[in-house]
Amino acid sequence: MGCSCRRNLGGQLAGVLEGAAADFRAVRRREMSSAPERGAMRKTSMRQLAEIAAALGVVASLVFVGLELRDNSRAARAAAYQELGLAAADSWLMKASDRELNDLVEIADADDPAEWEALTVSDRRLVASYVQGLLRQYETVFLQVNEKLLPAAAMESLGWNGFSDTNLLVRTWPAVGKRTTPGFAAYLEEMSPQLRTR
């Protein structure tokens, strides 16, 4: 009885071991047959990860370039303001350091037209040359605003907005208007209609 139990138990154990071995072999066969698929999937996943990494690198580069451009734009705008401000200051200092020119400009800008009429042709030419220099600075600001290098507020902040209505410009316009570029002349005449009648 003991022997037959042992035999039965041994047979059952052998059957279980054989079944487990067969299951193991079947799983192994399935794994071996699907290995190429898994390898292909791994290659595809790696390729996708590489593409994503490359795209992120491009985005990061573009963000960096954008930040650099913004910083460069700010620096260029600040430099333009400084240059134009210094040029305007130089014009005022030139007038202040030349008593005759200062007096002539004040007469040309006076409310009484008789004072302007009393000036000699030579004096009027001197004043017109001074105004031509001012207009060149004004036009530089105008062009930079038109090209969007400076904001529209630059005209006012640099002190040019009121210049087109001055007696100084109105009286010298017949001489300086013809030496001003057409686009800028049209802008001035739009700002100050009285220039059109000169």
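As the structure is a computational prediction, the values presented were derived from the model and not from experiment.

Thresholds applied
The written sequence of each chain sets the order in which its residues are numbered from 1. It should be noted that, the model being predicted, local features are given only for residues of pLDDT at least 70 and side-chain atom pairs only at 80 or more, the latter also being counted only at that level, while totals for whole chains, interfaces and linings use all residues. Only hydrogens and water are removed before side-chain values are computed, so all heavy atoms of the structure are retained for them. What we call a nonpolar core is a set of buried Ala, Val, Leu, Ile, Met, Phe, Trp, Tyr and Cys residues that are connected through their side-chain atoms within 4.5 Å. Note on classification: 1.4 Å probe, protein chains only; a residue is buried when its accessible area is under 20% of the maximum for its type, exposed when over 50%, partly exposed between these limits. Put simply, DSSP H or I for four residues or longer makes a helix, DSSP E for two residues or longer makes a strand, and each gets a number counted from the N terminus. Every patch collects residues that have over 30% relative accessible area and no salt bridge, joining them within 9 Å if they carry like charges and within 5 Å if they are nonpolar side chains (Val, Leu, Ile, Met, Phe, Trp, Tyr). Here, Shrake-Rupley sampling with a 1.4 Å probe gives the accessible areas, and only protein chains in the shown set may cover a residue. Salt bridges are identified by distance alone: a Lys or Arg side-chain nitrogen within 4 Å of an Asp or Glu carboxyl oxygen. In summary, the charge assignment counts Lys and Arg as positive and Asp and Glu as negative, without counting His or the chain termini. Here the site of a charge means NZ on Lys, CZ on Arg, CG on Asp, or CD on Glu. Axis angles are defined between N-to-C directions and span 0 to 180 degrees, where every axis is a line fitted to C-alpha atoms and, for a helix, only to the segment in contact. Angular relationships are summarised with four words: roughly parallel below 35 degrees, roughly antiparallel beyond 145, roughly perpendicular across 65 to 115, and oblique for the angles in between. Contacts are residue-level and defined by heavy atoms, with any inter-residue pair within 4.5 Å sufficient. In this classification, the charged set is Asp, Glu, Lys and Arg, the nonpolar set is Ala, Val, Leu, Ile, Met, Phe, Trp, Tyr, Cys and Pro, and all remaining amino acids, among them Gly, are polar. Here a cavity means grid points, on a 1 Å grid over the protein atoms only, where a 1.4 Å probe fits yet cannot get out; a pocket means an open set of points with protein on both sides within 12 Å along at least five of seven lines; lining residues are those with an atom within 4 Å of a point. Grid points are joined across faces, edges and corners, and a volume is the space filled by probe spheres set on the points. Stacked, tilted and edge-to-face are the three classes assigned to paired rings of Phe, Tyr and Trp, where Trp is represented by its six-membered ring and a pair needs centres within 6.5 Å; plane angles under 30 degrees give stacked, over 60 edge-to-face, the rest tilted. Read the arc as the range of directions from the helix axis to the C-beta atoms.

Re the nonpolar core
Then, number 1: Judged by nonpolar contacts, the single largest core of 34 residues is most densely connected at Leu135, Tyr138 and Phe163.
Then, number 2: Of all the elements in the fold, those that place two or more residues in this core are α1 (2-97), α2 (99-108), α4 (121-146), α5 (153-157), α6 (167-176) and α7 (182-191).
Then, number 3: A total of 10 residues in this core trace back to one element, the largest contributor, which is α4.

A short note on a negative patch on the surface
Then, number 1: A cluster of acidic residues, Asp109, Asp111, Asp112 and Glu115, forms a negative patch on the protein surface.
Then, number 2: With respect to the helices, strands and loops of the structure, aspartate 112 is situated in the loop between α2 and α3 (113-117).
Then, number 3: A relative accessible area of 39% places aspartate 112 in the partly exposed class.

Details of the packing of α4 against α7
Then, number 1: Interhelical geometry of α4 versus α7 gives an angle of 95 degrees and a closest axis separation of 11 Å. When the axis of α4 is compared with that of α7, the two are roughly perpendicular. Two secondary-structure elements touch here, α4 through Leu135, Tyr138, Glu139 and Phe142 and α7 through Gly183, Phe184, Tyr187 and Leu188.
Then, number 2: Grouping the constituent residues of the contact of α4 with α7 by class yields six nonpolar, one polar and one charged.

Brief notes about the pattern of salt bridges
Then, number 1: For the structure shown, the criterion picks out three salt bridges.
Then, number 2: A salt bridge links glutamate 106 to lysine 95; the shortest N-O distance between them is 3.2 Å. Remark: lysine 95 occurs in helix α1 and glutamate 106 occurs in helix α2; sequence separation between them is 11 residues.
Then, number 3: Owing to a relative accessible area of 5%, lysine 95 belongs among the buried residues under this scheme.
Then, number 4: Between arginine 124 and glutamate 117 there is a salt bridge, with the nearest N and O atoms lying 3.4 Å from each other.
Then, number 5: When its relative accessible area of 26% is taken as the criterion, arginine 124 is described as partly exposed.
Then, number 6: Given the relative accessible area of 53%, glutamate 117 is considered exposed.

With respect to the layout of surface pockets
Then, number 1: Put simply, the largest pocket is a space of about 290 Å³.
Then, number 2: Lining the largest pocket are 17 residues, and of these Trp92, Leu134, Trp160, Phe163 and Leu168 sit closest to its centre.
Then, number 3: Those elements that place two or more of their residues in the lining of the largest pocket are α1, α2 and α4.
Then, number 4: By residue number, the principal contributor to the lining of the largest pocket is α1, which donates four residues.
Then, number 5: A class-by-class count of the residues in the lining of the largest pocket yields nine nonpolar, five polar and three charged.

Here's the deal with the packing of aromatic side chains
Then, number 1: Evaluation of the coordinates by the stated rule reveals eight aromatic pairs.
Then, number 2: Relative to tyrosine 187, the ring of tyrosine 138 lies with its centre 6.3 Å away and its plane at 80 degrees, an arrangement referred to as edge-to-face. Here tyrosine 138 is found in helix α4, whereas its partner tyrosine 187 is found in helix α7, with 49 residues between them in sequence.
Then, number 3: The buried category is assigned to tyrosine 138, whose relative accessible area is 0%.
Then, number 4: Its relative accessible area of 18% is what places tyrosine 187 among the buried residues.
Then, number 5: Centroid distance tryptophan 160 to phenylalanine 163: 5.8 Å. Interplanar angle 85 degrees. Geometry classified as edge-to-face.

A word on the packing of α4 against α6
Then, number 1: Running from amino to carboxyl end, α4 crosses α6 at an angle of 95 degrees, the nearest separation of the two axes being 9 Å. On the basis of their axis angle, the class for α4 and α6 is roughly perpendicular. Where α4 approaches α6, its residues Val127, Ala128, Val131, Gln132 and Leu135 are matched on the opposing element by Leu168, Leu169, Thr172, Trp173, Ala175 and Val176.
Then, number 2: Residue composition of the contact of α4 with α6, grouped by class: nine nonpolar, two polar and no charged.

Comments concerning α7
Then, number 1: Within α7, burial applies to Phe184, Ala185, Tyr187 and Leu188. Within α7, the buried residues cover an arc of 160 degrees as seen down the axis, which keeps them to one side. Away from its buried face by more than 90 degrees, α7 exposes Pro182 and Glu190.
Then, number 2: Next to the buried residues of α7 lie α4, α5 and α6.

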